[in-house]
2 protein chains.
Amino acid sequence: AGDAAAGRKKAAQSCAACHGIDGLAKLPNAANLAGESVYYLDRQLKAFRSGDRKDENMSVVAKALSDADIADLVAWYSSIEVTVTLPKK
Amino acid sequence: AGDAAAGRKKAAQSCAACHGIDGLAKLPNAANLAGESVYYLDRQLKAFRSGDRKDENMSVVAKALSDADIADLVAWYSSIEVTVTLPKK
């Protein structure tokens, strides 16, 4: 498993501008990452890196990530707790 | 814009099993949808429908969605408020 503290530092460099350190998207074309499962985050980052999934930004960012970077980033963002409030009917 | 209440009903039929009505993934291979931007959700659903983005489940689910369905689902999930709690260092 990755190291969440190292992932937080890596996120500050590579992810926070669009996704935030807190995993709440700062731009409309970015996803929230907070509390996503390890499986989902790992699969998406590797799909962007391999080209299975394409995005003008993420395809570039993911190319520079090692397996260790991915494990740490995934550990960080999956460790963030998410609570939701549904709109009144 | 879509109708969030109609989107909630549609979500109960088509999305809740994996993504929850509350937009918190119920399965590790599903994404959280709560509080994602209208832009992001619309773009991903249409990418799954067109085949630009591929997933064994979503490619099938999205094929059956009309533009109106997508607008309503997007209105529902984007209207859910998300708060996060970062892990202590």
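Throughout what follows, the structure given in this document is the object of discussion.

1. Describing the relation of the copies chain B and chain A
Then, number 1: Turning chain B through 180° and shifting it by 0.0 Å along the axis lays it on chain A, with an RMSD of 0.0 Å. Such a combination of turn and shift is consistent with a two-fold rotation axis. Among all residues of chain B, the one whose C-alpha sits closest to the rotation axis is B:Thr83, at a distance of 2.6 Å.
Then, number 2: Comparing interface residues between copies, 100% of those in chain B also lie at the interface in chain A; the contact surface is shared.

2. Digging into the side chain of A:Glu36
Then, number 1: In this structure, A:Glu36 sits in the loop between helix H2 (16-19) and helix H3 (38-50).
Then, number 2: A distance of 2.9 Å separates the side chain of A:Glu36 from the backbone nitrogen of B:Asn32, its partner in a polar contact.
Then, number 3: Not counting residues within four places of it along the chain, the set of residues in contact with A:Glu36 comprises A:Leu41, A:Tyr77, A:Ser78, B:Ala30, B:Ala31, B:Asn32 and B:Glu36.

3. Some thoughts on helix H3 (residues 38-50) of chain B
Residues and elements named next belong to chain B.
Then, number 1: Over its 13 residues, H3 runs 18 Å from end to end, which matches the ideal 18 Å to within 8%, given 1.5 Å per residue.
Then, number 2: If you check which residues of H3 are buried, you get Tyr40, Leu41, Gln44, Leu45, Ala47 and Phe48. With its buried residues spanning 160° around the axis, H3 presents them on a single face.
Then, number 3: The secondary structure elements touched by the buried residues of H3 are helix H4 (58-63) and helix H5 (67-78).
Then, number 4: Looking one or two places after H3, you find Gly51, whose phi comes out positive at around 100°.

4. Let's talk about the interface of chain B and chain A
Then, number 1: Taken together, the 31 residues of chain B in the interface contact 31 residues of chain A.
Then, number 2: Of the roughly 2700 Å² buried between chain B and chain A on both sides combined, carbon and sulfur atoms contribute 52%.
Then, number 3: The interface formed by chain B and chain A includes four salt bridges.
Then, number 4: Between B:Arg43 and A:Asp55 there is a salt bridge whose closest N-O contact spans 3.3 Å.
Then, number 5: Remark: the boundary between chain B and chain A carries 19 residue pairs in polar contact (both at pLDDT 80 or more).
Then, number 6: Of all the elements in the fold, those that place two or more residues in the side of chain B that touches chain A are H3 and strand E1 (81-85) of chain B.
Then, number 7: Considering each element in turn, the side of chain B that touches chain A owes the most residues, five residues, to E1(B).

5. What about the pattern of salt bridges?
Then, number 1: The tally for this structure, following the rule as stated, stands at 10 salt bridges over all chains.
Then, number 2: Ionic pairing is found between B:Lys26 and B:Asp22, a salt bridge with its closest N-O pair at 3.0 Å.
Then, number 3: Connected through shared salt-bridge partners, A:Arg43, B:Asp55 and B:Glu56 make up one network.

6. Some words on helix H1 (residues 4-14) of chain B
Residues and elements named next belong to chain B.
Then, number 1: Regarding H1, the residues found buried are Gly7, Lys10 and Ala11. Buried residues in H1, looked at end-on, bunch into an arc of 105°, giving them a common side. In this structure, H1 carries Lys9 and Gln13 as exposed residues pointing more than 90 degrees from its buried face.
Then, number 2: Its buried side turned inward, H1 meets helix H2 (16-19) and H5.
Then, number 3: The distance from a side-chain oxygen at the start of H1 to the backbone nitrogen of Ala5 is 2.9 Å, and the residue carrying that oxygen is Asp3.

7. Comments concerning empty space enclosed by the protein
Then, number 1: Applying the stated rule across the entire model yields one cavity of 30 Å³ or more.
Then, number 2: Every residue lining the largest cavity is listed: A:Leu24, A:Asn32, A:Leu33, A:Ala34, A:Glu36, A:Val82, B:Leu24, B:Asn32, B:Ala34 and B:Val82.
Then, number 3: Residue composition of the lining of the largest cavity, grouped by class: seven nonpolar, two polar and one charged.

8. What to know about the packing of H3(B) against H5(B)
For any two helices packed against each other, the geometry is given by the interaxial angle and the distance between the axes.
Residue and element names in this part refer to chain B.
Then, number 1: At a closest axis distance of 9 Å, the pairing of H3 and H5 adopts a crossing angle of 140°. It follows from the interaxial angle that H3 and H5 lie oblique. In the packing of H3 onto H5, the handedness of the crossing is right-handed. Residues Val38, Leu41, Asp42, Leu45, Lys46 and Arg49 of H3 form the contact with H5, whose participating residues are Asp67, Ile70, Val74, Tyr77 and Ser78.
Then, number 2: Residues of the contact of H3 with H5, tallied by class, amount to six nonpolar, one polar and four charged.

The rules behind these values
- Residues numbered from 1 in each chain as written.
- Chains lettered and ligands numbered in written order.
- Predicted model: local features only at pLDDT ≥ 70, side-chain atom pairs only at ≥ 80, totals over all residues.
- Heavy atoms only, no water.
- Least-squares fit on C-alpha atoms with pLDDT ≥ 70 in both.
- Contact = heavy atoms within 4.5 Å.
- Helix = DSSP H or I, 4+ residues; strand = E, 2+ residues; numbered from the N terminus.
- Polar contact = N/O pair within 3.5 Å; in protein donor to acceptor, adjacent residues only side chain to side chain.
- Expected span 1.5 Å × (residues − 1).
- Buried < 20%, exposed > 50% of the residue type's maximum accessible area, 1.4 Å probe, protein only.
- Arc of directions from axis to C-beta.
- Buried area = accessible area lost by both parts, 1.4 Å probe.
- Salt bridge = Lys/Arg side-chain N within 4 Å of Asp/Glu carboxyl O.
- 1 Å grid on protein atoms, 1.4 Å probe; cavity = no way out; pocket = protein on both sides within 12 Å on 5 of 7 lines; lining within 4 Å.
- Points joined across faces, edges and corners; volume = space filled by probe spheres on them.
- Nonpolar A, V, L, I, M, F, W, Y, C, P; charged D, E, K, R; others polar.
- Axes fitted to C-alpha atoms, helices over the stretch in contact; angles between N-to-C directions.
- Parallel < 35°, antiparallel > 145°, perpendicular 65-115°, else oblique.
- Left-handed = near helix turned anticlockwise from the far one by under 90°.

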